[in-house]
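Single-letter residue listing:
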Amino acid sequence: MASPLTDLCPYPIVQAPMAGGASGPQLAGAVSEAGGLGFLAAGYKTADGMYQEVKQVRGLTSRPFGVNLFMPQPDCADQAAVEVYRNQLAGEATWYESELGDPDSGRDDGYDAKLAILLDDPVPVVSFTFGCPTRDVFDAFARVGTLTVVTVTTPEEAQTAQWAGADAVCVQGVEAGGHQGTHRDNPETDGAGLGLLSLLTQVRETVQLPVIAAGGLMRGAQIAAVLAAGADAAQLGTAFLVCPESGANALHKQAMTNPLFVRTELTRAFSGRPARGLVNRFMREHGPYAPAAYPQIHHLTSPLRKAAAKAGDAQGMALWAGQGHRMARELPAGQLVEVLKAELDAATAALCEEPKGEQSAQGAGGVA
């Protein structure tokens, strides 16, 4: 069914905004140019850095693309717990010959400045993670013709987005790589997230908004499955992370299919917020003790992660990955979009084929 969301691009394939460098202009531009919807990740970037990347994407494609923003976070971290974790990481700092970061480097991620730029020089789509903006923000984007999307992890969050005036929701299952986009970070609910198909169905029965489905999707047949379950489009992150246009570190890309990394887990070890990544030494040693303190822990560990990457040590990096990481294919982004679309078409055709048993029954008994 047509919707403002599906009208944006020929294919119902969205490239997830992966903060930290993976989702840059080259990846977003290639995906959009191939018929999907490319996304820039503005998280952890300055407002001007975001604007420069927007200009670069416009130079690479004339087709629609999106920009993802992180919502400002409340100041509810236990500072004593952050300090305890800092002391625990002292050995890591010594090992990597690195300083620890300043946990108080900021909680708003330049949100207001980024809003101002995107309202002054609009892009086709803006999405929000870690919360839901106010109706005033949605109304402002509507006036400049920008479609708005809110990442949700529960039916209640989807309902909040609808009430506030969002145009669509991105339904993120617990299978997804990277951070869970929960609107409130509640440690008591760690590990209690819903799988994508269950969550997608509940959201479809709760709100009347177009839906993007996200979480562990790596193949066109999986895209067909979520479309059949009621999604308007599918969002893939890990599938695009290994593309040559991705800005992810080479060690991160290699780890996706490296037999050394056999599974993923949700952890607070690197950022203080639940995020799914490949299980490595850092996650095993520090994950059980990391406090609920985002973005303080993100700022604290940032120099360590950069030092580990520089040292070529994947065991100290945040290797964000969805549950389908072993199915990653090192294809150019445009080619991957075409392969996914071909797989989607084949799966859809198979679903639409009349079962042979039914054909035989009709041939034998005629049609009443």
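These notes cover the structure that comes with them. (Residues numbered from 1 in each chain as written. Predicted model: local features only at pLDDT ≥ 70, side-chain atom pairs only at ≥ 80, totals over all residues. Heavy atoms only, no water.)

Charged atoms that come close allow side chains of opposite charge to pair. Per the counting criterion, the structure on display carries 13 salt bridges. A salt bridge links glutamate 92 to arginine 281; the shortest N-O distance between them is 2.7 Å. Of this pair, glutamate 92 sits in helix H4 (residues 90-95) while arginine 281 sits in helix H12 (residues 281-286), and the two are 189 residues apart along the sequence. Overall, the relative accessible area of 6% leaves glutamate 92 in the buried class. Because the salt bridges share partners, they merge into one network encompassing Glu92, Arg281 and Glu285. (Salt bridge = Lys/Arg side-chain N within 4 Å of Asp/Glu carboxyl O. Helix = DSSP H or I, 4+ residues; strand = E, 2+ residues; numbered from the N terminus. Buried < 20%, exposed > 50% of the residue type's maximum accessible area, 1.4 Å probe, protein only.)

Moving on, we come to the sheet that holds strand S8 (residues 211-214). Here we have eight strands laid out as an open sheet, ordered S1-S9-S8-S6-S5-S4-S3-S2, and parallel in their pairing. Taken across any chain shown, the strands that pair with only one partner, and hence form the sheet edges, are strand S1 (13-15) and strand S2 (38-41). Ignoring strand direction, the axes of neighbouring strands in this sheet form an average angle of 25°. Looking at chain direction, S1 and strand S9 (residues 233-236) are connected through three bridges and run parallel. Looking at S9, one finds that valine 14 is bridged to glutamine 235. Where helix H5 (residues 111-120) meets the sheet, it contacts strand S3 (65-70) and strand S4 (125-129), and its direction lies at approximately 160° from that of S3. Against the sheet, helix H6 (residues 135-143) engages S4 and strand S5 (147-152), with an angle of about 165° to S4. (Pairing = 2+ DSSP bridges. Axes fitted to C-alpha atoms, helices over the stretch in contact; angles between N-to-C directions. Contact = heavy atoms within 4.5 Å.)

A few words on the packing of aromatic side chains. Taken as a whole and assessed by the stated rule, the structure comprises seven aromatic pairs. Judged by centre distance (5.9 Å) and plane angle (85°), the ring pair of phenylalanine 128 and phenylalanine 138 falls under edge-to-face. Highlighted residues: phenylalanine 128 in strand S4 and phenylalanine 138 in helix H6, separated in sequence by ten residues. Of the two residues, phenylalanine 128 and phenylalanine 138, neither departs from the other in class, the shared state being buried. Put simply, the rings of Tyr44, Phe70, Phe130 and Tyr294 pair up and form one aromatic cluster. (Phe/Tyr/Trp six-rings, centres within 6.5 Å; stacked < 30°, edge-to-face > 60°.)

A few words on the state of the cysteines. Working definition: the covalent bond between the sulfur atoms of two cysteines is a disulfide. According to the stated counting rule, one finds zero disulfides in the structure shown. With no disulfide of its own, cysteine 76 lies closest to cysteine 132 among cysteine sulfurs, the gap being 18 Å. (Disulfide = S-S within 2.5 Å.)

Within a sheet, neighbouring strands are paired by backbone hydrogen bonds and run either parallel or antiparallel to one another. With respect to topology, three strands assemble into an open sheet ordered S7-S11-S10, the strand pairing being antiparallel. The outermost strands of the open sheet, each flanked by one partner alone, are strand S7 (178-179) and strand S10 (264-267). Sheet analysis places S10 next to strand S11 (residues 275-278), joined by four bridges and oriented antiparallel. When the sheet's bridge partners are listed, threonine 264 is paired in S11 with leucine 278.

A word on helix H14 (residues 333-352). Its 20 residues give H14 an end-to-end C-alpha distance of 28 Å, which sits within 8% of 28 Å, the value for a rise of 1.5 Å per residue. At its buried positions, H14 is contacted by S1, helix H1 (25-33), helix H9 (220-228), S9 and helix H10 (238-241). (Expected span 1.5 Å × (residues − 1).)

Turning to the packing of helix H2 (residues 47-60) against H5, a few remarks are in order. Axis angle and axis distance: for two packed helices, these are the angle between their axes and the distance between the axes, and together they describe the pair. For the pair H2 and H5, interaxial distance at closest approach is 9 Å and the crossing angle is 30°. Relative to H5, the element H2 is oriented roughly parallel. The chirality of how H2 crosses H5 is right-handed. Where H2 approaches H5, its residues Ala47, Asp48, Met50 and Tyr51 are matched on the opposing element by Ala113, Lys114, Ile117 and Leu118. A breakdown of the residues in the contact of H2 with H5 according to their chemical character gives six nonpolar, no polar and two charged. (Parallel < 35°, antiparallel > 145°, perpendicular 65-115°, else oblique. Left-handed = near helix turned anticlockwise from the far one by under 90°. Nonpolar A, V, L, I, M, F, W, Y, C, P; charged D, E, K, R; others polar.)

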